Each structure stands twice: as structure tokens, then as C-alpha cells.
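What the coordinates show
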Amino acid sequence: MRADQLDFYSLVEFAPDRGAIEFSGRRAILLHTDAMGALRKELVETLGADIAKVILTRYGFSCGHEDAGLLPGFMHPDTVEEFVRGGPRVHMFSGIAEVETHSVEVDRERGHYRMSGFWRHSYEAEQHLRLFGRSDEAVCWTLAGYASGFASYVFQTDMICVEHACEGRGDDRCAWTLMNATDCAPEFSGLRKYFQPLNIKDRINVLEGKVYERTRELEASEQRYRNLIEDLPEMVFALHVSGRMLQLNKAGRTRLGISPEQLPRMRLKDLVLPAYRTAAANFLKSIATARTATRLDVVMCDAEGCPVPMRLQVEPVLKGDRIVGYSGLAIDITAQQERERKLTEYAARLENREQQIQDIINDAVYILDLDGRFSFVNARMAELLGVPADRAIGCSCGELMLHSSAQRVERDFRRRLNGECGPPFEIMLAASGAPNRLLEVSSAVLSTDGGPEGVIGVARDITARREMERQLAQANRLSSLGQFASGIAHEINNPLGLVSGFAEELQALMEAIPGARSNPDFDVLRQGLTTIQEQAQRCKAITDNLLLFSRKQAVPLEVVDAGMLVRERLSAYRDIGLTRGLEVDLSLDAALPRIATNPTLLDQVLRNLIRNAGDAMNGAGRVSVILRPAEGGVDLEVLDEGPGLPAGVIDHVFDPFFTTKAPGRGTGLGLSICYGIMTELGGRIECGNRPEGGAWFRLHLPADAAGADTSMP
Ligand code: ADP
């Protein structure tokens, strides 16, 4: 019979009722491959991979050898080739692997045999992968053993199966070659030992010998290690798991003044000062929980009784999972602590100095972190935001700034972080209770270690500069207007004088005509000439006022007490009814310097301001008149509670003929005259809006130059 004619069912007989299975005429059992896997694992873990390989290879060898003895009774092979091919077939029937034999060479004369093929789905490779993962070498030990045993029986000589590719090693399939043991290439000669009988007892004896040797070596190395530790300049110690001292090296004993005899009675906590005992006891517990090296700073007492700050660095000594003790170092940290203290002091000083510098700088400085929240503001910025610096930290711009300013800062913040550049920008800050401030902000990305940390902004208060620019522009404009107005006034004054003179002359001539007085036809003429004279007078008054605005004559000045002058004027206005309906408050600073002024002209200015304030409040409300010393003189302020000066108005109030009053109620010349007078008096007039509402007008009255620093007694 040929091997491929061998039928599985002719070899197997199931007798489930008897609890028996027969295979090739012998009792067999059905086993899960996982069970074989479990056995393999047990062998590898208890005896090591090498011995497990010997056992399993030999087990396979004896299975193959026996199967080969039984097979002829069932198969009656035609030739020895067919006989040997029967082996893979029986092996396959047992569910070991799918076997493919691709060559069989038989040279009976020379006693030389060779056979090769593949195994697929090897149960053994599968189990090995499941239990141990991918191996570096072939793992189908029972399969190789079986093939070797079967072939050795068939050819009656020692045959060895070499597995040179294996699924357990990650190959696609297992590939094997069976050959005479004597043909084995030198690199496979080591395989021979797997086919030798095993003598476990001898093996154990050898192992025992090795263990003894290793123990001696270990003892010697432990002694070397102890000697090494003993001589180390650092303080090294070993503790029993209970905390008892097992060893403290010479450096430790000398430093702490402990004799070797005292040591076994001591615990770690006995080495530290009483205040640190609980911490030291808890320290060991925490190491036991964390199971890793841990540090603790304590103070110990040295041999002279002086306290020494020490850093304990202790780690558990583990045996498997169990902690059997602790080993550690005690490092004197006196110098380190001193260094740290100095460093902390230095850092604090630096921070303090930096803060002081920031605070001295009059510019406002802020830093926004990457979330756009304030992480730093200097004193000036905090003042402008109207909150203490520590309250500003963590706030967003929107929480502390006017909406439009916050939006502007946030837009700049995003641009900067996107790497965009841009010119400085302006924002308005309005801390509650403080006047609005106009700021010019320059910003940049602040980075640490190459990465952005936030955006720093430096904001310069340009309110005063802007105001000065505005005043300068206004002064220039008013001066040109003044020249223009005085030119016109001069030009008009001459023809106006002629018109008025001729009208007067004509009237005199007309009156000289006999009967003219009683002639009603002359009435129309007389009326016309009178109107001409009246209108000419009116024009004259206007041109005179225009000249007041622009005139540059020197006026006689008197040294006066500004407080007394203003008090007296206000009372006169009350008497003539100028302040009817108004509540006029006068506030005088006690130390006002004397001023050099022209009382009549100053009266004209004050009268105008009071009248305008009354007009702005529709004749009812409070007007505050304040006099306070100022640089180079006295500031006189007139404050009202009216609607204030709208943006389009504020820049033009001093222009001649500028009025917002109804026709017939205002000429628009009042403030331009005031402006002209104040220039003439060597002072100035300014105006603005009060934060609480209403307008303010401020007259700066120069002090008497001779006694500029003589203030009122
Ligand atoms: P007039 O009073 O004839 O209008 P002024 O030169 O005195 O002329 O004033 C010019 C303009 O200035 C006024 O029309 C008014 O719009 C504005 N003005 C002056 N004083 C005040 C004030 N106290 N409050 C509000 N607006 C004022």
C-alpha cells in the first residue's frame, strides 16, 4: 500500500461507551492542544527552556518511534519510501499539523537517507506563540522529535529532523529536513543532545554545586560591598524593615558620635532631633507605600551636640515583591541650605527691585498671558485701570477697560501672537472718579525659552500732550482769526465813520432847511438818516468788539488780591441781578499769591463766564467759582452743572461769532473777547467738561512778577 492510500478511519476506533479510543491499534486519548501548552509552560518555567526542549523532543521521538513500529501492521507498505512517508500521514491524522513531504531520498547501499517537507498550522508553534510570544528559534520540538523517531525506526539508523523555518518564529510555515545524524552540519550538531536520555538527578547535583558556588560569590561580593560602603566619605546606612539600624558606615558613626555597639539598638528616628522623630517614622511608612526612593530633610545632632541639617535619601530593599529593609544616604545640606537661602533672598530682592523700577517708570506697563489676562501691571497701570495691582491680575481687558479700548488691546494682542507687527495705537482709560486718560500703547511678544509667554504693552499717557497740541492749534487759529478780524474791523471802521458822519451832516443840513421841521415829507428822510446812524453805531460796536478780541495793546495792570476782587464782583453781580436764579459758590484757597491784572477787563471776562454758565443751565443751578494757587499765578475756575461743551463745540467756543444760542440771544463774541482780554492780561483761558457733567472754564491769572512768591497772609 502507498502512504497516500492510508485511511484515517482504518486506524481509529472510537468506543465512547467504554471510555476508550484506539489509534493504530493502541489506546489513545483526546487532549486539547491547550493542555499540551499548559504542560509545556510548566516545564519551561520549572526546568528552564533548554531542559523543556530536551523533554519534549524526546517525548516526540518516542511517539514517532512507537508509531513506526505499529504502522506496518495496518499499512503493509510497498517500499521503504512509502513506509517513511506513512509517518507524516499518521502525524497529520493525530491533528499535530498539516504535513507536506516534498522529497524522499533513499540510498540503502550507503545507508544514506534524506527527507524534507513543510508543516502548517503546527499545534506546537500555535501554543508557543500563545504562551510565550514570538520565539527567536524553531519551537516545534515534539514534531521534530516525532519525525526523528519515526525515521530512525524506518531506516534503522539515527536520524535527526532539523526545523529551519518555524511559524513560532514568525515564518509563514515550518520547514524541516530529516537527515542521518552523522550528516548533521556542525551548526546543528548541538541538536544531538535533544535525543540523548536525560539524567535529571545528575543535573540537579550539578545545579546544587553551582548554587553553592554562587552563594559563596555573593557572600564575598556582599562583604566587598560592605567594605566599600564602610569607607565612603558620605553617610550611608541600612535599616531592617522594622526601622532598626543594621549598618551605619564609619563616616556616619563618626559624624553622629555613635559606636558600633550602640547601633543595633537604634532606629532611624533616634538619629534625628526630637522635633523630626514623627516625620522620620512616617517617612519609612511612606517609602513602604510608594516603594520608591524618597527624600526627607531633617536635623540631626552631630558628635559635638550641634544640630546639622541633613537630607535623607532612602529607598526600599526589595526581595521579589516584599520589602526586606531600607538603604539610604544622609547628606549634610548646611551649605546647600545656605545657598538656597541666599538665592531666595536674591530672587526676592531682584523681584522687588524690578517692581520698584517698574513703578518708578511713569509709563504704564502690562503683560497679558496667553489667555489674554493680565499677569502683570505696574503701579502706574494699576492707577490708570483704577484697581490695585493684585486685583488686576487674572482679569481680562474687558473687565477693567472701556469696551472700545479693551477691543483695541485684544485685537493688538491677537495680532502680536500671530507674528504681525504694527504701529503704536491709542486707547482711552477711565478709572472711576478720575479724568479720562488718553494712552499711546506700544506692544511686543514676550517670550521665554523661545516660546511666547504673552504680550507686553507699554502705555504712555499722552493726555497732556494732546491737550497742549489742541491748545496750540487753537491759539494759532485764534491768532490768525484775530489778525483777520482786526483787519476787517479797521477796514470797516473808516467807511463806517464816513457813513455815520455824512448821515449826521445830512441831518443837520436838512434841519437847517426852512419849514423842514413842520414838513411831514421830511419825517421819512429824518427817520432814514437816524436809522443809518443807529446801524452805523451798531456796526461800530461790533468792530470795536472784534478789535477787543484781537487787540494787542498794553493795558495798565494793578497788583490786586484776586480773592477779594472776585468776591466783590460776585456780590455786585448779585446786586444787579446777573446771578438771579443761580446758586454761586465761591471757594478760595487760603494761600493765593497777589496777581497783576486789570480789574475792569477781568470783570468783563468773569461777567461773561457767569452769564454763559447761567445760560447753559437755563438760568437755574449751581455755579462754582474756585480760586487756587497755580504755577506762576492763580487759577480761577468757573464750573457749572449744565450740559457741558459738545465735541464739535469745544474747539470753536473762542472763535468770533461762534454761538449755539438762538438768533438774537447770542452774538458769539463773548468768549472771543474773553480770549482777547486774557491774552492781553498775559494769562490764558481754557475750557473743558467736568467728569460729573457740566463745563469748566479756567482763567490763568499771572502773579505779580515783583512779588510772585508772596502769597496772601
Ligand atoms: P454767545 O454766548 O453769544 O453764544 P460766547 O462766545 O460767549 O457767545 O459763547 C460761544 C458758545 O460757547 C455759546 O454759544 C455756547 O455754545 C458755548 N458756551 C459758552 N459757555 C458755555 C457753558 N458754560 N456751557 C455750555 N456751552 C457754553
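Cut-off values and rules
Residues numbered from 1 in each chain as written. Predicted model: local features only at pLDDT ≥ 70, side-chain atom pairs only at ≥ 80, totals over all residues. Heavy atoms only, no water. Near = heavy atom within 4 Å. Polar contact = N/O pair within 3.5 Å; in protein donor to acceptor, adjacent residues only side chain to side chain. Areas by Shrake-Rupley, 256 points an atom, 1.4 Å probe, with all protein chains shown as cover. Helix = DSSP H or I, 4+ residues; strand = E, 2+ residues; numbered from the N terminus. Axes fitted to C-alpha atoms, helices over the stretch in contact; angles between N-to-C directions. Parallel < 35°, antiparallel > 145°, perpendicular 65-115°, else oblique. Left-handed = near helix turned anticlockwise from the far one by under 90°. Contact = heavy atoms within 4.5 Å. pLDDT = per-residue confidence, 0-100. Nonpolar A, V, L, I, M, F, W, Y, C, P; charged D, E, K, R; others polar. Pairing = 2+ DSSP bridges.

**Considering the site of the ligand**
Neighbouring the ligand are 19 residues, the closest being Asp640, Thr659, Thr660, Lys661 and Leu671. Asp640 places a polar side-chain atom, nitrogen or oxygen, 2.8 Å from a nitrogen atom of the ligand. For the ligand, an oxygen atom lies 2.5 Å from a polar atom in the side chain of Thr659. Its free accessible area being 520 Å², the ligand has 93% of it covered by the protein chains. Going through the elements one at a time, α19 (599–616), α21 (670–680) and β24 (695–702) are the ones with two or more residues in the shell around the ligand. It is α19 that provides the largest number of residues to the shell around the ligand, a total of three residues.

**Some details on unusual backbone geometry**
Positive phi, normally seen in glycine, also occurs at Asn618, with a value near 55°. For Phe657, which is not a glycine, the phi torsion comes out positive at approximately 70°.

**Examining the packing of helix α18 (residues 562–576) against α19**
Between α18 and α19, the least distance of the axes is 11 Å, while the angle of their chain directions is 55°. Classified by the angle their axes make, α18 and α19 are oblique. Our pair here, α18 against α19, has a crossing hand that is right-handed. Here Leu565, Val566, Arg569, Leu570, Tyr573 and Ile576 of α18 lie close against α19, whose contacting residues are Pro599, Leu602, Asp603, Leu606, Arg607 and Ile610.

**Describing the confidence of the model for the chain**
Of the residues in the chain, 95% reach a pLDDT of 70 or more, and the chain-wide mean stands at 88. Here residues 708–713 is modelled with pLDDT under 50, and outside its nearest four sequence neighbours on either side it reaches 12 contacts, counting other chains as well.

**A few points about the packing of helix α3 (residues 49–70) against helix α7 (residues 141–155)**
Their axes nearest at 6 Å, the elements α3 and α7 cross at an angle of 40°. Classified by the interaxial angle, the pair formed by α3 and α7 is oblique. With respect to the hand of their crossing, α3 and α7 are arranged in right-handed fashion. Looking at the contact of α3 with α7, its residues break down into 12 nonpolar, 10 polar and two charged.

**Topic: the sheet that holds strand β10 (residues 294–301)**
Taken in spatial order, the five strands line up as β9-β8-β12-β11-β10 in an open sheet, and their pairing is antiparallel. Both outer strands of the open sheet, β9 (245–248) and β10, are each paired with one neighbouring strand and no more. Pairwise comparison of adjacent strand axes, ignoring direction, gives a mean angle of 25° for this sheet. Where strand β11 (residues 307–319) lies against strand β12 (residues 322–332), 10 bridges are found, and the strand directions are antiparallel.

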